[in-house]
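# Commentary on secondary and tertiary structure
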Amino acid sequence: WQCLGCCFEIERARASGDPAAYMCRLPVHQDGSCNGLQHYAALGRDEAGGEQVNLMPRDRPGDVYTGIANVLKRIVAEDAKNPEDPETQALAIALAPHVDRKLVKQTVMTSVYGVTHIGARQQIQNRLKERGAVEDENLRYKMANYAARRTLDALANLFVNARDVMAWLAECARVVCSQGRAVEWTTPLGLPVVQPYRAKSRKMIRTLVQSFVLQFDNDENSVAKAKQRSAFPPNFIHSIDSAHMMKTALACHEAGLTFAGVHDSFWTHAGDVPEMSRHIREKFIELHSEPLLEMLYEELKEKYPEVAHEIPPPPPMGNMDIKQVKDSVYFFS
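An account of the accompanying structure is given in this report. (Residues numbered from 1 in each chain as written. Predicted model: local features only at pLDDT ≥ 70, side-chain atom pairs only at ≥ 80, totals over all residues. Heavy atoms only, no water.)

On to the packing of aromatic side chains, then. What the rule picks out here adds up to 7 aromatic pairs. Considering the side-chain rings of Phe232 and Phe236, the 6.0 Å spacing of their centres and the 55 degrees angle between planes classify their relative orientation as tilted. In this pair, Phe232 and Phe236 are both assigned in helix H10 (residues 225–254), 4 residues apart and thus about one turn of the helix distant. Assessed through its relative accessible area of 3%, Phe236 is described here as buried. An aromatic cluster of three or more residues is present, and its members are Phe259, Phe266, Phe284, Phe331 and Phe332. Positioned above the aromatic ring of Tyr197 is the side chain of Lys227, whose terminal nitrogen or guanidinium carbon lies 5.1 Å from the ring centre. (Phe/Tyr/Trp six-rings, centres within 6.5 Å; stacked < 30°, edge-to-face > 60°. Helix = DSSP H or I, 4+ residues; strand = E, 2+ residues; numbered from the N terminus. Buried < 20%, exposed > 50% of the residue type's maximum accessible area, 1.4 Å probe, protein only. Lys NZ or Arg CZ within 6 Å of the ring centre and 35° of its normal.)

Here is the structure:
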């Protein structure tokens, strides 16, 4: 549809009689490179991970999915040469021909949203099934189980500081939930957030024909601890990326630019793309120049004084210079 819209716009410009003077109304979008991982890498000042998601200047765009696939290939090749674990060796040999960008893409994308080993296994199992790579369902399951574990290992190897940030956020949520409290925090723009996850209420309905159970939400129920813990890292990242979008939108509005956006896709008119790109980078640097993890740490200790001594301090940061984002052509492109 975007291609068709572009074709219509070109035809209107041609039909205007003066294409060079035609006022184009077609929105041009700039997308982040796996934006959730961009924010994780920025929070942890993860140099190696930041390079993969284009936070640092590069001659060619980094592709995190290919990067993870290449790390996975090395891990699988090592396992295939290890005779000490015959079962793992056999699975590595069977998986090796099928490791590519497409196999790991969905798992890498959803890692930002807290994908579990079970979820990653199902994703990879679906990819293997789609390509008809393994007919035996039992073998396909075992290969997917092995591939999921090793893909998550590859992510941890490539995004060391970013994974530390994710683990720290989950641990903070665990400590808070241990007291039966929901996780709350304030976004960089001052918006208070409360995670709504609580146990479901259940009510049995009996009729002359059948009986069934209704589940419904109730704010007075106990918190769903597992959900509170697993949801906090991605929800916190969403609160950071939404702050980045709002800051960019306000900067564009003040500059007189037309702006629209969905998550990590920012749109403006073709003639204004260079200026919008500058605002995107400046606001990202401005946002991550604040000590966001330290601010969250202090806020959680203040909100939950009964467990303040159990909340761990933020993990050590890497050596990435966040200001390099300004010169990264492929950061949003």
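In this structure, Leu55, Val64, Ile68, Phe159 and Phe236 are the most contacted members of the largest nonpolar core, which totals 79 residues. It is helix H9 (residues 160–177) that provides the largest number of residues to this core, a total of 10 residues. If we ignore the near neighbours within four places in the chain, the residues touching Phe236 are Leu43, Leu169, Trp185, Leu293 and Leu296. (Core = buried A, V, L, I, M, F, W, Y, C linked by side-chain atoms within 4.5 Å. Contact = heavy atoms within 4.5 Å.)

Attention shifts here to the pattern of salt bridges. Two side chains carrying opposite charge are able to pair once their charged atoms lie near each other. The final tally for this structure, using the stated rule, is 16 salt bridges. Its salt-bridge partner being Lys247, residue Glu286 comes within 2.9 Å of it at the nearest N-O pair. Residue Glu286 is located in helix H11 (residues 273–288), and its partner Lys247 is located in helix H10; the two are separated by 39 residues in the primary sequence. Residue classification places Glu286 among the partly exposed positions, given a relative accessible area of 36%. Residue class for Lys247 comes out buried when judged on its relative accessible area of 13%. (Salt bridge = Lys/Arg side-chain N within 4 Å of Asp/Glu carboxyl O.)

What follows is about the packing of helix H4 (residues 64–80) against helix H8 (residues 137–158). Interhelical geometry of H4 versus H8 gives an angle of 120 degrees and a closest axis separation of 9 Å. Here H4 is positioned oblique relative to H8, judged by the angle of their axes. The two elements H4 and H8 cross, and the hand of that crossing is right-handed. Side by side, H4 and H8 meet where Gly67, Ile68, Val71, Leu72, Ile75, Val76 and Asp79 of the first sit next to Tyr146, Arg150, Thr151, Asp153, Ala154, Leu155, Asn157 and Leu158 of the second. A breakdown of the residues in the contact of H4 with H8 according to their chemical character gives 9 nonpolar, 3 polar and 3 charged. (Axes fitted to C-alpha atoms, helices over the stretch in contact; angles between N-to-C directions. Parallel < 35°, antiparallel > 145°, perpendicular 65-115°, else oblique. Left-handed = near helix turned anticlockwise from the far one by under 90°. Nonpolar A, V, L, I, M, F, W, Y, C, P; charged D, E, K, R; others polar.)

One open sheet accounts for 3 strands, arranged S1-S7-S6; its pairing is antiparallel. Each end of this open sheet is capped by a strand with a single partner; those strands are strand S1 (27–31) and strand S6 (260–262). Strand after strand, the sheet turns through a mean of 25 degrees between neighbouring axes, direction not considered. Its contacts with the sheet place H11 against S1 and strand S7 (265–269), and it is angled at close to 145 degrees to S7. (Pairing = 2+ DSSP bridges.)

For an α-helix the count is 3.6 residues per turn, leaving residues at separations of three or four pointing the same way. When the terminal C-alpha atoms of H4 are compared, their 24 Å separation across 17 residues agrees well with the 24 Å that a helix rising 1.5 Å per residue should span. Turning to H4, its buried residues are Val64, Tyr65, Gly67, Ile68, Ala69, Val71, Leu72, Ile75, Val76 and Asp79. If you follow the buried residues of H4, they end up packed against helix H2 (35–44), helix H3 (47–52), helix H5 (86–95), helix H6 (101–111) and H8. (Expected span 1.5 Å × (residues − 1).)

A few words now on the pairing of strand S5 (residues 211–216). Bridge analysis of strand S4 (residues 201–206) against S5 gives 6 bridges, and the strand direction is antiparallel. Residue pairing in the sheet places Arg206 in a bridge with Ser211 of S5.

We now examine unusual backbone geometry. Despite not being glycine, Asn54 shows a phi value in the positive range, around 65 degrees. Following the sequence through the fold, Asn54 ends up in the loop between H3 and H4. The buried category is assigned to Asn54, whose relative accessible area is 1%.

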